[in-house]
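Structure at a glance
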Amino acid sequence: MRVGLHRRAGGTIDIMYVVGTAGHVDHGKSTLVHALTGVDPDRWQEEKGRGLTIDLGFAELTLPSGRTVSIVDVPGHERFIKNMLAGAGGIDLALLVISADGGVMPQTREHLAIIDLMGVRHGVVAITRTDTVDDDVVALACAEAVELIAETSVAGSPIVACSALTGAGIDALVAAIDAVLASAPRKRDVGKPRLPIDRAFTMTGFGTVVTGTLINGSFRNGQAVEILPGRLRARIRGVQNHGRQVEEALPGTRTALNLAGIATDQLARGMVVTLESQCVESLTLDVLLRAVPYLPNPIRHNLNVSLHIGAAEAPARLVLLDCDAIEPGESAWAQLRLATPVVVVAQDHFVIRDANGTLGGGHVVQLNPPRHRRHHPPTIATLETLDLGSPEERLLAFIEQHQPVVVGTLPGLETGISAVDLVARLSSEGLLVALSPQVADATLLYTADGYTSVRARLEDLLTKFHAGTPLRQGMPRGELGQRLGLTPKQLDPLLAHLTSEGAIKDGDHLALPDFTPSPTPAQSGAAETYLMQLSAAPYAPPTGLHIDPDLLAYLIATGAVVDAGDGVVFSADAYAAMTGRVTDHITSNGALTLAQVRDMFGTTRKYAQALLETMDRQHLTRRVGDERVLYQSRT
């Protein structure tokens, strides 16, 4: 793999910064990178033949301070803006290139807008080709650059005039990059590595190789990894950076992974290499969206757009939540509903475009949210809390929207405290209800209000069920779960918690604690009539008798009758007498046949068979050939 690094002892990548070029086509970005590094970042023959960068190029530079930077050279031509966006994610410093003889051009503005939208806070402006113009033009270009970046995230960045051809100003440019990176923050390491794939290819002798900028964690040689979307599995059998083999790659480094167990044709730009179960695929995103200031028209609700996030691109429909249009330079809350999934986390930056160019961008606030009501103040308040609230407030807001929530699926809060510990504290304060004595990753959570609400709904359902079916023991579990909209895995811990509180009686049927089935006077009369009809022919009770099914179920549940199947119902007294005589006979004689039972009670084969099969089910008897013996007998 020829894909480099500053190494610590033991072969680990040390802190490396990523510098991304930006600027209009043919303003000399690739030439400048070559002058800085000695590496030609144009990899493809088509790029060399046409004199412009089509895909991402990479080169390494060691600064005077000893800092190592990986320079991502991105395309400037508008047809290749999508590739530029793939390289914009994860950069520490934007190197904005403006030629002195060309000045600020449309793609210069668009690239700068993308830098601003992606949240890049460090930059250097290179005024190139100073050898082609006089000093006054150079001074004018520098002044124009100061004005250009004034209202962006890289306002106040140093501006350096230089010539890649003569070498004039190159040392000053390197010094400026070094000085700006001195104030760049250290890379975040939250133990959840993600490598958005910007290239995937096959190398002879190595196999499948992917490259990208590693964020949020480290990868080590030999680790098992997961590739999303698609939940593909692979193993790292090599880690490199700019052609050098290392054992571990740290966050923020340009990294190449040699993957075993997966073919190149299974991979594509925009997929993400991560550890198992640490990321999710998202088809819906809640976002804070800002329109670029130079738009000729506002961004409209329900617009079809192209989302660019990390190295991924996905068609999406834009749903504006608090307005009908976003004016140029303004911000609004929105939901992006995607045609294909992406793998991101909250606070990731994104850009949206249409066929005419970049429309705006911002950052993700929530993954896979529910569909929201538009112009709904409580929804907007929740989104503001999820975006800017304290860790406790964000956790509570997330659970409120998605409850019940499994602890292990909570989003990362980057607080230095584990979700389990935070949940335990909020539960002890009465703000959360954890449906388990010990909080663990599988524990189900409600907010205090959410739990009160679901308990009230459940009690209301049972109250109405008891009123409508006073003879039934309670509501079946499956029916209750369906009415509450809960799966068995969500319902079972809720019922266990409610049972421990004495709020319900749990079993195959669910009931309120003070509920006891009781017939009305009319139903009691009907039951007495039915029992008298059964007793009139106790060993051959009529099977066509009319009785309300709920009343029959009540009589069975209370033991007044025994359902023997096939429409045969014995009174309790008759069934007890029959089972007693059968067991006494077997005890004295060792066994008996169905014909003997028929003759014993002067009944028919139908009733004798129903009796014996019921006794078999109750483990009073068991069948051996054509005879019945006592269930415990081994003869």
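That block above? That's the structure.
Throughout, a residue's number is its position along its own chain's written sequence, starting from 1. In keeping with the model being predicted, local features are shown solely for residues with a pLDDT of at least 70 and side-chain atom pairs are shown and tallied solely at 80 or more, while totals for entire chains, interfaces and linings include all residues. Here the side-chain values reflect all heavy atoms present in the structure, with hydrogen atoms and water set aside.

**Side note on the pattern of salt bridges**
Charged atoms that come close allow side chains of opposite charge to pair. The condition is simple: In what follows, salt bridge is the name for a side-chain nitrogen of Lys or Arg lying within 4 Å of a carboxyl oxygen of Asp or Glu. Secondary structure elements are defined from DSSP: runs of H or I of at least 4 residues count as helices, runs of E of at least 2 residues count as strands, and each element is numbered from the N terminus. Exposed residues in this analysis have more than 50% of their type's maximum accessible area, buried residues have under 20%, and partly exposed residues fall in between, with area computed by a 1.4 Å probe over protein chains only.
Per the counting criterion, the structure on display carries 21 salt bridges. Linking Arg-220 and Glu-248 is a salt bridge whose minimum nitrogen-to-oxygen distance equals 3.2 Å. Taken together, the positions of Arg-220 in strand E12 (residues 219–220) and Glu-248 in strand E16 (residues 248–249) put the pair 28 residues apart, joining distant regions of the chain. On the basis of relative accessible area, Arg-220 is assigned to the partly exposed category, the value being 39%. Between Arg-233 and Glu-276 there is a salt bridge whose closest N-O contact spans 3.4 Å. Residue Arg-233 is found in strand E14 (residues 232–241), and its partner Glu-276 is found in the loop between strand E18 (272–274) and strand E19 (282–291); the two are separated by 43 residues along the sequence. By sharing partners, the salt bridges in this structure join Glu-226, Arg-231, Arg-233 and Glu-276 into a single network.

**With respect to the nonpolar core**
As a reminder of what qualifies: Among buried residues, those of type Ala, Val, Leu, Ile, Met, Phe, Trp, Tyr and Cys that are joined through side-chain atoms within 4.5 Å constitute a nonpolar core. Here, two residues are considered to be in contact whenever any of their heavy atoms come within 4.5 Å of each other.
The biggest cluster of nonpolar side chains holds 54 residues, and the ones touching the most others in it are Leu-285, Leu-336, Phe-350 and Ile-352. With 6 residues, helix H5 (residues 135–149) is the single largest residue contributor to this core. The residues touching Ile-352, leaving out its near neighbours within four places in the chain, are Leu-289, Val-305, Ser-306, Leu-307, Leu-318, Leu-336, Thr-358, Leu-359, Gly-360 and Gly-361. Val-19, Ala-59, Leu-173 and Val-174 belong to the second-largest nonpolar core, a separate cluster that totals 25 residues.

**A closer look at the sheet that holds strand E21 (residues 303–309)**
We count it as follows: For two strands to count as paired, DSSP must find a minimum of two bridges between them. As a rule, the C-alpha atoms of each element are fitted with a line to give its axis, helices using only the stretch in contact, and angles between N-to-C directions run from 0 to 180 degrees.
The antiparallel closed barrel is built from 6 strands, whose spatial order is E19-E24-E22-E21-E25-E26. Sheet twist, expressed as the average angle between the axes of neighbouring strands with direction ignored, equals 45°. Judged from the 7 bridges that link them, E21 and strand E22 (residues 312–320) form a sheet pairing that is antiparallel. Bridge pairing in E22 links Ile-309 to Ala-312. Sitting on the sheet, helix H4 (residues 106–117) is in contact with E19, strand E25 (349–354) and strand E26 (357–367), with an inclination near 10° to E26. Contacts between helix H7 (residues 377–388) and the sheet are confined to E19, strand E24 (331–342) and E26, with E26 contributing the most and set at about 85° to the helix.

**Topic: the pairing of strand E32 (residues 561–565)**
Along any regular strand the residues' side chains alternate between the sheet's two faces. Pairing analysis gives 4 bridges linking E32 to strand E33 (residues 568–571), with the strands arranged antiparallel. By the bridge assignment, Val-562 is partnered in E33 with Phe-570. Connecting E32 to the antiparallel partner E33 that follows it, the hairpin turn spans 2 residues, and Asp-566 within it adopts a positive phi of roughly 55°.

**As for the environment of Arg-317**
What counts is decided by this rule: In the analysis that follows, any N or O atom pair within 3.5 Å is treated as a polar contact, provided that within protein one partner can donate a hydrogen and the other can accept it, and provided that, for residues neighboring in sequence, both atoms belong to side chains.
Within the element layout of this structure, Arg-317 appears in strand E22. With 238 residues separating them along the chain, Arg-317 and Leu-555 place their C-alpha atoms 59 Å apart. Residues in contact with Arg-317, not counting those within four places in the same chain, are Asn-302, Leu-303, Asn-304, Gln-335, Leu-336, Arg-337 and Arg-371. A polar contact of 2.3 Å, which involves the side chain of Arg-317, links it to the side chain of Asn-302.

**Remarks on unusual backbone geometry**
Of note, the bond from Leu-228 into Pro-229 is cis; its omega dihedral lies within 30 degrees of zero at -5°. Within the secondary structure, Pro-229 is located in the loop between strand E13 (224–228) and E14. Here Gln-403 and Pro-404 are connected by a cis peptide whose omega angle stands at 0°. Locating Pro-404 in the fold gives a position in the loop between helix H8 (391–402) and strand E27 (405–406). With a phi angle near 70°, Asn-216 is a residue other than glycine that sits in the positive phi range.

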